[in-house]
Structures are given as C-alpha cells and as structure tokens.
Amino acid sequence: MADDLQDTQQQQLELAMHGYNTGVQGLADAVTQYTVERMRGDRALGGPRSEAALTAAAGQTITETGLGAEAAFRLFKEILQPATIASDHPRHLSYVPNAPTESAVLFDLALGASAIFGGGWDEGAGAIWAENQALRWLADLAEMPAATRGIFLSGGTIANLSALTTARDAAARSRGARPPRWRILTGEEAHSSIDLAARVMDIDIVRAPSRGDRRLHGESVASVLRDDPEASIFAVVASAGTTNAGIVDDLSSVAAAAQAHQRWLHVDAAYGGAALCAPSARAQFAGIGESDSLVIDPHKWLFAPYDVAALLYRNPTLAGIAHAQHASYLEHQLDEEDWNPSDYAIHLTRRARGLPFWFSLATHGTKAYTAAVEHTLSVARHVEQLVQTRPWVQLVRPVGLSVALIRRPGWDAAAYARWSQKALEAQLAFVIPTEWQGEPVLRFCIVNPRTTVADLATILDALRSDP
Ligand SMILES: *Cc1c(COP(=O)(O)O)cnc(C)c1O
C-alpha cells in the first residue's frame with residue numbers, strides 16, 4: 001500500500017515535466033515552425049536592448065508554477081530573440097560571423113534530442129566515430145600525418161589553451177627541470193585568446209618582430225630561439241588567418257625554425273583554417289602540416305552552428321598525458337584502442353558538438369564546402385572593385401582571406417562608431433570599427449555565402465555621408 005502510494009505521487013511529480021503529452025507535441029510543432037520560418041524568411045538583424053527594457057518587456061519569467069510552454073516560447077520569439085543580433089544575417093560582417101547550413105541547424109535539434117555523452121567511447125562510440133571522420137577531413141586538408149587525432153571543443157579559446165597546456169607539459173617532461181618562467185613565442189597579430197591562455201597558465205609572451213608585413217617569419221623566430229639557451233620558450237604560436245586582417249604567417253619558415261630548435265609549433269587557424277579547402281587560398285598555408293597542434297573553428301567559416309572548434313594533435317598521446325583525469329569513478333571499462341575525447345583537453349562532460357558539422361559535411365560532401373568557401377572569398381575580393389568606383393572609401397590593405405579593412409577619409413574613431421551604431425539601428429548592417437596600425441577603420445569579415453556583392457555595395461554607399 002505505502003509503496004503504491006509513493007509510486008503514484010512520484011509519477012505525478014515526474015509527469016509534470018517529464019513524459020510525452022499533447023503539450024509536448026504542441027511545443028514541438030511551434031519549435032519546428034519557428035525553425036523553418038527563420039530559414040525560409042528574411043532574417044531580421046536585431047539588436048541589443050538594455051537590461052531594464054528587457055525586464056519591462058518580459059517581466060518575471062521564473063515563477064513558482066511556470067509560464068507554460070506557449071507563453072515562454074512566445075517570450076523568446078517576440079522579445080528575447082529580437083534583442084540579439086543574428087550572426088547569420090548576410091550583412092553581419094563584424095567579428096567572425098556564423099553561417100550554419102540548414103542541414104547542420106536541423107540536425108542540431110536531433111542531436112539535442114539524443115542525450116549523447118560525448119566524452120568517452122563507451123557511451124558515445126557512434127557519435128565520436130562520426131566526429132573523428134570530420135576531424136580526419138580537416139587533418140587531411142592540413143596534410144598532417146596519419147597518426148594525427150583530434151577533438152571538438154567549445155571554441156578556439158579553450159582549444160588554444162588546451163594545446164599550449166599540452167605543449168608545456170611535454171616540454172616539462174622531456175627536460176625534467178623547469179625554467180624560472182615559461183614563455184611562448186608569437187607574432188604581432190596573434191589573437192587575444194593567446195594572451196588569455198598565457199595569463200591563465202602564468203607564462204610570458206615574447207613577440208617576434210615582423211618585417212613590416214605583420215607576419216611571423218622563420219628568421220625572426222630563429223633569432224629569438226637562438227637567444228633562449230634555457231629553452232624557456234616551449235612553443236611557437238603562428239596564426240593562419242589573423243582575425244583582424246586575415247593575414248597568414250609564413251608557416252613554412254616558422255615551422256623550419258621551430259623544428260631546428262626542437263620547439264612545439266602551435267598553429268591558430270580558428271578563423272582562416274577553413275580556407276584550406278579553397279584552391280585559390282591554399283598556397284598561403286604551405287607548411288601548416290608541420291604543426292604539432294592546430295585549431296580550426298567550424299563555427300566560423302565551415303558553416304556549423306555554435307559552438308565548435310576542432311583541435312588536432314600530431315602526437316595525441318602527449319595531449320592525453322597532459323589532460324586525462326584520473327579517479328575511481330572515471331575509469332573507462334575499455335581497451336586502449338578506444339578514443340575518449342574527454343582525455344585530450346580541459347573538459348570532461350561534453351556534447352558531441354562536432355556532429356552538426358559532420359552531418360552537414362556528410363550530407364553535402366566536401367566539394368560543396370570548397371564551393372561555398374570559394375564563393376565567400378570571391379565576394380570579399382570584390383570589395384577591391386567596389387571601392388574603385390566609390391571615391392569616398394579606400395581599401396586599407398589588400399583583402400586578407402575574406403577580411404577587408406575600409407578607410408573613410410575624414411572620419412575619426414567617433415565618426416566610425418556613430419556610423420556603426422546608426423547602421424545597426426536602421427537594420428542596415430552590423431559592421432563595427434577596428435584598428436589597423438593605430439588607425440580606426442571599418443572591417444568586413446565575410447564568411448556567409450548568403451552575403452552578396454550587392455550587400456557590400458549597399459554598405460559602402462551608406463558610408464558616403466557623415467553620420
Ligand atoms: C575567433 C578566434 C579565436 C577564438 O575562438 P573562439 O571560438 O571565439 O573561442 C582564436 N584565434 C583566432 C585566430 C580567432 O579568429
């Protein structure tokens with residue numbers, strides 16, 4: 001009797017949130033409809049609102065008895081989502097935008113519904129197997145050796161940190177003693193996440209001077225390494241596509257210098273690595289296959305939804321030694337052949353976040369990726385012609401991969417900022433200023449195949465009059 005009663009009470013509790021019922025079907029229809037409409041229709045650009053405005057519009061959403069799915073989803077559609085900027089809008093050219101394929105987005109819904117723990121082979125075998133095929137495609141593009149293996153992480157930031165953690169661990173083990181301060185060597189234009197990794201790891205950064213072209217070259221790497229008899233510099237970090245200007249370091253000579261001095265070579269290709277699949281850009285990456293670790297973000301230019309970065313290791317065993325967590329409750333019931341992504345970076349629980357990328361790649365094939373990346377490259381290169389017929393704007397430097405830096409003579413930083421703000425308010429574009437060698441300029445980063453030359457012309461035309 002008492003057991004029956006307890007079961008019934010428990011069942012009622014569970015059925016309040018868990019369990020399939022008509023409400024679930026209604027929400028499934030609403031979510032599907034929203035998803036499909038968003039894909040079919042014009043994407044609104046959107047824009048932020050203040051915390052006070054959002055509180056006034058949405059009210060108290062966390063209540064004792066709940067709002068119900070219909071009301072909560074309406075809040076999302078009508079108030080919350082419009083208060084974000086759509087990263088996949090064709091005139092979103094700031095930071096590095098995001099342009100997931102429809103198939104990747106839809107598959108992401110299925111992935112979320114599948115409750116896969118992607119940390120270890122014992123629970124996630126099928127998903128991890130597929131992720132590994134997608135990682136293999138990236139390793140092959142980079143011409144890394146067959147033993148190369150990788151994992152998908154949440155972003156380039158944590159991938160850079162994990163790679164450098166592995167590099168330092170390997171250096172410490174091979175030399176036995178530690179220098180008073182560990183250091184890494186990088187170029188002038190390395191991404192801010194490298195600085196963050198250095199702060200987290202409490203190490204110092206040495207910046208090798210460029211020859212004025214803002215690229216890292218082997219010569220300057222070698223001259224810094226020759227001056228480091230203690231080998232306190234454990235890694236050389238090269239950029240293959242800087243975020244600010246799309247510049248690819250001279251990877252061949254940097255790799256040769258790193259090898260000659262037996263240092264780890266980490267290549268940060270979070271943004272630019274996608275262009276390895278584009279014949280028109282590929283030559284710029286010569287030497288990338290020599291890297292000991294390599295980062296490419298599929299959520300940037302490989303059309304995957306947030307958030308996913310690929311981290312590849314030439315010698316994955318070193319990453320496993322540096323990262324595996326050991327505890328009685330974690331021991332895998334497995335033979336050593338199995339690949340446990342959790343053991344190779346700073347994480348444990350993980351979503352099989354590489355699967356939407358894999359699904360889209362498996363669906364469309366690699367040629368479609370080549371075509372899409374080439375398309376964005378050619379749209380970006382068109383900026384050159386567009387500015388020639390618009391005397392009120394100038395190209396600051398040659399288009400680097402798919403990044404164009406635009407000067408509007410006569411404008412100062414405040415004018416650029418005003419224009420940018422107004423362009424967003426008018427829902428014309430999301431384009432923000434950056435700096436190039438101390439000068440404020442506008443930056444277009446084109447990774448969305450839906451962005452057209454006409455979109456760029458519209459934005460350049462809007463730069464004609466003062467804001
Ligand atoms: C975006 C970017 C990063 C950081 O990647 P997240 O995915 O944003 O964490 C690192 N390096 C480069 C070159 C980038 O473009």
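See the structure above.
Keep in mind that what you see is a predicted model, and the values were worked out from it rather than measured.

Description of the overall build of the protein chain
Item 1. Scanning the protein chain from terminus to terminus reveals 18 helices and 11 strands.
Item 2. Taken against the 2.2 N^0.38 rule, which gives 23 Å for 467 residues, the C-alpha radius of gyration of the protein chain at 25 Å falls within 12% of a compact globule.
Item 3. Across the 467 residues of the protein chain, 50% fall into the buried class.
Item 4. Partitioning the contacts of the protein chain with sequence separation of at least 6, the portion at a separation of at least 24 is 72%.
Item 5. Looking at the protein chain as shown, the accessible area adds up to about 22,000 Å², and 53% of this sits on carbon and sulfur atoms.
Item 6. Distance between charge centres in the protein chain, computed from 39 positive and 52 negative side chains, equals 9 Å.

Topic: helix 14 (residues 355–364)
Item 1. Where helix 14 is concerned, the buried positions are Leu355, Pro356, Phe357, Ser360 and Leu361.
Item 2. Turning to helix 14, the residues buried within the fold contact helix 5 (102–112), helix 6 (121–141), strand 1 (149–153), helix 12 (298–301) and helix 15 (366–381).

Considerations on the site of the ligand
Item 1. Of all residues adjacent to the ligand, which total 14 residues, the nearest are Thr157, Thr243, Asp268, Asp297 and Lys300.
Item 2. Gly156 has a polar backbone atom sitting 2.8 Å from an oxygen atom of the ligand.
Item 3. At 2.7 Å, a side-chain N or O of Thr243 approaches an oxygen atom of the ligand.
Item 4. Counting only elements with at least two residues in the shell around the ligand, the list comes to helix 7 (156–175) and helix 12.
Item 5. Per-element tally for the shell around the ligand: the top contributor is helix 7, with three residues.
Item 6. Per-class residue counts for the shell around the ligand are two nonpolar, nine polar and three charged.

Details of the packing of aromatic side chains
Two aromatic rings are characterised by how far apart their centres lie and by the angle between their planes.
Item 1. For the coordinates displayed, the defined rule picks out 16 aromatic pairs.
Item 2. With centroids separated by 6.0 Å and ring planes inclined at 55°, the aromatic side chains of Tyr95 and Phe430 adopt a geometry described as tilted. On the criterion of sequence distance, the pair formed by Tyr95 in the loop between helix 4 (69–80) and helix 5 and Phe430 in the loop between helix 17 (413–425) and strand 10 (433–436) is long-range, its members being 335 residues apart.
Item 3. Taking the relative accessible area as the measure of exposure, Tyr95 reaches 52% and is therefore exposed.
Item 4. Ring geometry for Trp137 and Phe357: centres 6.5 Å apart, planes at 45°, overall tilted. Highlighted residues: Trp137 in helix 6 and Phe357 in helix 14, separated in sequence by 220 residues.

Notes on the side chain of His299
Item 1. Examined against the element boundaries, His299 turns out to sit in helix 12.
Item 2. In terms of polar contacts, His299 uses its side chain to reach the side chain of Asp297, at 3.0 Å.
Item 3. Aside from chain neighbours lying at most four places away, what touches His299 is Pro97, Asn98, Ser154, Gly155, Ala304, Pro305, Tyr306, Asp307 and Val308.

Side note on the sheet that holds strand 8 (residues 394–395)
Item 1. With antiparallel pairing, the four strands of this open sheet are ordered in space as 8-9-11-10. Where the open sheet ends on each side, the last strands, each with one partner, are strand 8 and strand 10.
Item 2. In the sheet, strand 9 (residues 403–407) pairs with strand 11 (residues 439–445) via four bridges, with the strands oriented antiparallel. The partner of Val403 across the bridge, within strand 11, is Cys445.

Observations concerning the pattern of salt bridges
Item 1. Across all of its chains, the model carries 24 salt bridges by this definition.
Item 2. Among the ionic pairs, Arg214 bridges to Glu188, the shortest N-O distance being 3.1 Å. Of this pair, Arg214 sits in the loop between strand 3 (204–207) and helix 9 (218–226) while Glu188 is found in the loop between strand 2 (183–186) and helix 8 (192–201), placing the two residues 26 residues apart along the sequence.
Item 3. What makes Arg214 partly exposed here is its relative accessible area of 22%.

A word on the side chain of Glu131
Item 1. Mapped onto the elements, Glu131 comes out in helix 6.
Item 2. The residues contacting Glu131, other than those within four sequence positions of it, are Phe152, Arg350, Ala352, Arg353, Gly354 and Leu355.

Cut-offs used in this document
Residues numbered from 1 in each chain as written. Predicted model: local features only at pLDDT ≥ 70, side-chain atom pairs only at ≥ 80, totals over all residues. Heavy atoms only, no water. Helix = DSSP H or I, 4+ residues; strand = E, 2+ residues; numbered from the N terminus. Rg over C-alpha atoms; globule rule 2.2 N^0.38 Å. Buried < 20%, exposed > 50% of the residue type's maximum accessible area, 1.4 Å probe, protein only. Contact = heavy atoms within 4.5 Å. Areas by Shrake-Rupley, 256 points an atom, 1.4 Å probe, with all protein chains shown as cover. Lys, Arg positive; Asp, Glu negative; His and termini not counted. Charge placed at Lys NZ, Arg CZ, Asp CG, Glu CD. Near = heavy atom within 4 Å. Polar contact = N/O pair within 3.5 Å; in protein donor to acceptor, adjacent residues only side chain to side chain. Nonpolar A, V, L, I, M, F, W, Y, C, P; charged D, E, K, R; others polar. Phe/Tyr/Trp six-rings, centres within 6.5 Å; stacked < 30°, edge-to-face > 60°. Pairing = 2+ DSSP bridges. Salt bridge = Lys/Arg side-chain N within 4 Å of Asp/Glu carboxyl O.

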